[in-house]
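# A look at the structure
The primary structure of each chain is shown beneath.
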Amino acid sequence: MKKILVFVFTAALFCACALKNEPGAGKGDTSTPESVDDGYSGEGFGDVGGDGEPILPGEDSGSNEQSHAGVVTAGEWRDLDNWLFWSNLMTNTQSDQQGSDYTIYSDYWGFFTNNRVAVRIINENGEPQKDVAVQLMRQSGNNPVVLYEGRTDNRGEVNLWVGLTQLQQSIDESGLVLSVGGQLKEQSVSVTRWGEEVKWNTATASIQPTKNIDIAFIVDATGSMSDEINFLKADLTNIITTVRNKNAEVSIRTATLFYRDEGDDYLTRASNFSSDISATVSFISQQNADGGGDYPEAVHTALETGLQQLSWREENSIRLAFMLLDAPPHKREDVISSLQKSVPQYAQRGIRIIPVAASGVDKQTEFFLRFVALATDGTYVFLTNDSGVGEDHIAATVGDYQVELLNELIVRLINQYLE
């Protein structure tokens, strides 16, 4: 069972002020498959992996002193920025000293990241261009076929994929073309494969700088998620206020979407985007954690609803979807098909999914969330044990990362995408 943590924000820190067991709120069996170990040594990956040891807030790398006990902590790892590390996980059947095999998860979830097209859009002065629509296409007579679509981030970067949902071991690069802002580019396209240094495809465009950001929180509201919901209740206002104070000229809107599972009181409940943070906070304050019962939840329904019911701005915006959860989707053919359809649609609309993995997450779930982050140009966030409070969190299969306060980590990511 997870433990309920009620967070109260004080100055720059939020402290755990109540801790109790939640009877009957478990997800069921959250054990990791026998072929996968919970931990990760990080050894054997050379410069790209490090030793996988977290760096605690205020500490130098290598220090084991945990001076921030009682404060919720988290880490962040972006596989797109650690491509060789990710490549090793996806190709090495003995990925760590425990002999864990992480190559199985591509087939398991039906997401294949072996053909990456990394694109960088700049203007005539070499400055990165945000929120530019980019399509990867294959020439087929007079009608090019769109393979993948995305929109550039704050660095002017977007990652597109060949065969994301259907494995393609070999592809013909000669017929690949890029469309940037609706204009076909007459240039060859380079594909980055596992084990290769990232090959950037650079193109030019010029647009007005974005002054908008939409931030949605998609939250598992089943019985074991009380701590995450209480976190939002206590700290969302502070998070948005902190971001707004640094970005006074930016239009910030927030939305929330709660989901459970089939057979529960509801499948989804949503509060649409609003520039009034109090409207979002009021909606969250009315929610509670209940239901569930088995481990998987209706993740696919939540993602579908996030596209259909939330009115994301279509142009000149940054779009972030923080997804707080502790359980995977159901492993059914119809669910996998839904995920394979909706995740690329998030990428197409420039909505970056940032999963926040809570204490119930096992290795199958971790890798599913990392596939989603990769496919949408997002990043993976995971709660850690460094706070000394709450139930155990499995060690993320990543290299070196900085341990941060969860509140400050979310603020940092939002500000980062606004840079």
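Reading guide: rules and limits
- Residues numbered from 1 in each chain as written.
- Predicted model: local features only at pLDDT ≥ 70, side-chain atom pairs only at ≥ 80, totals over all residues.
- Heavy atoms only, no water.
- Pairing = 2+ DSSP bridges.
- Helix = DSSP H or I, 4+ residues; strand = E, 2+ residues; numbered from the N terminus.
- Contact = heavy atoms within 4.5 Å.
- Axes fitted to C-alpha atoms, helices over the stretch in contact; angles between N-to-C directions.
- Core = buried A, V, L, I, M, F, W, Y, C linked by side-chain atoms within 4.5 Å.
- Buried < 20%, exposed > 50% of the residue type's maximum accessible area, 1.4 Å probe, protein only.
- Left-handed = near helix turned anticlockwise from the far one by under 90°.
- Nonpolar A, V, L, I, M, F, W, Y, C, P; charged D, E, K, R; others polar.

### Considering the sheet that holds strand β15 (residues 268-274)
On the basis of which strands lie adjacent, the open sheet formed by 8 strands has the order β15-β14-β13-β16-β17-β18-β4-β20 and mixed pairing. Lying at the two open borders of the sheet, with one neighbouring strand each, are β15 and β20 (404-405). Sheet analysis places strand β14 (residues 251-259) next to β15, joined by 5 bridges and oriented antiparallel. Looking at β15, one finds that Thr256 is bridged to Ser271. The sheet contacts of helix α3 (residues 226-246) involve β13 (212-220), β14, β16 (318-325) and β18 (380-383), and relative to β13 the element is tilted by about 170 degrees. In the packing of helix α5 (residues 299-308) onto the sheet, contacts are made with β13, β14, β15, β16 and β17 (351-357), and the angle to β14 comes to roughly 145 degrees.

### Observations concerning the sheet that holds strand β9 (residues 176-180)
Here we have 4 strands laid out as an open sheet, ordered β7-β6-β9-β10, and antiparallel in their pairing. Taken across any chain shown, the strands that pair with only one partner, and hence form the sheet edges, are β7 (145-151) and β10 (183-185). Looking at each pair of strands side by side, their axes are set apart by 25 degrees on average, direction ignored. Relative to β9, strand β6 (residues 133-138) runs antiparallel, the two being bridged by 5 bridges. For Met137, the partnering residue across the bridge sits in β9 and is Val177.

### A short note on the nonpolar core
Within the largest apolar cluster, 69 residues are counted, with the highest numbers of intra-cluster contacts made by Val134 and Leu160. By residue number, the principal contributor to this core is helix α7 (residues 363-375), which donates 7 residues. Within the second largest apolar cluster, 41 residues are counted, among which are Val243, Phe283, Ile284 and Val411.

### A closer look at the packing of α5 against helix α6 (residues 333-348)
Contact geometry of α5 with α6 gives a least axis separation of 9 Å together with a crossing angle of 35 degrees. In this structure, the crossing between α5 and α6 has a hand that is left-handed. Counting all contacts with α5, which are made through His300, Ala302, Leu303, Glu304, Gly306 and Leu307, the residues of α6 involved are Val335, Ser338, Leu339, Ser342, Val343, Gln345 and Tyr346. Class assignment of the residues belonging to the contact of α5 with α6 gives a composition of 7 nonpolar, 5 polar and 1 charged.

### Some remarks on unusual backbone geometry
Positive phi, normally seen in glycine, also occurs at Asp131, with a value near 55 degrees. For Asp131, the position within the fold is in the loop between β5 (115-122) and β6. The buried category is assigned to Asp131, whose relative accessible area is 6%.

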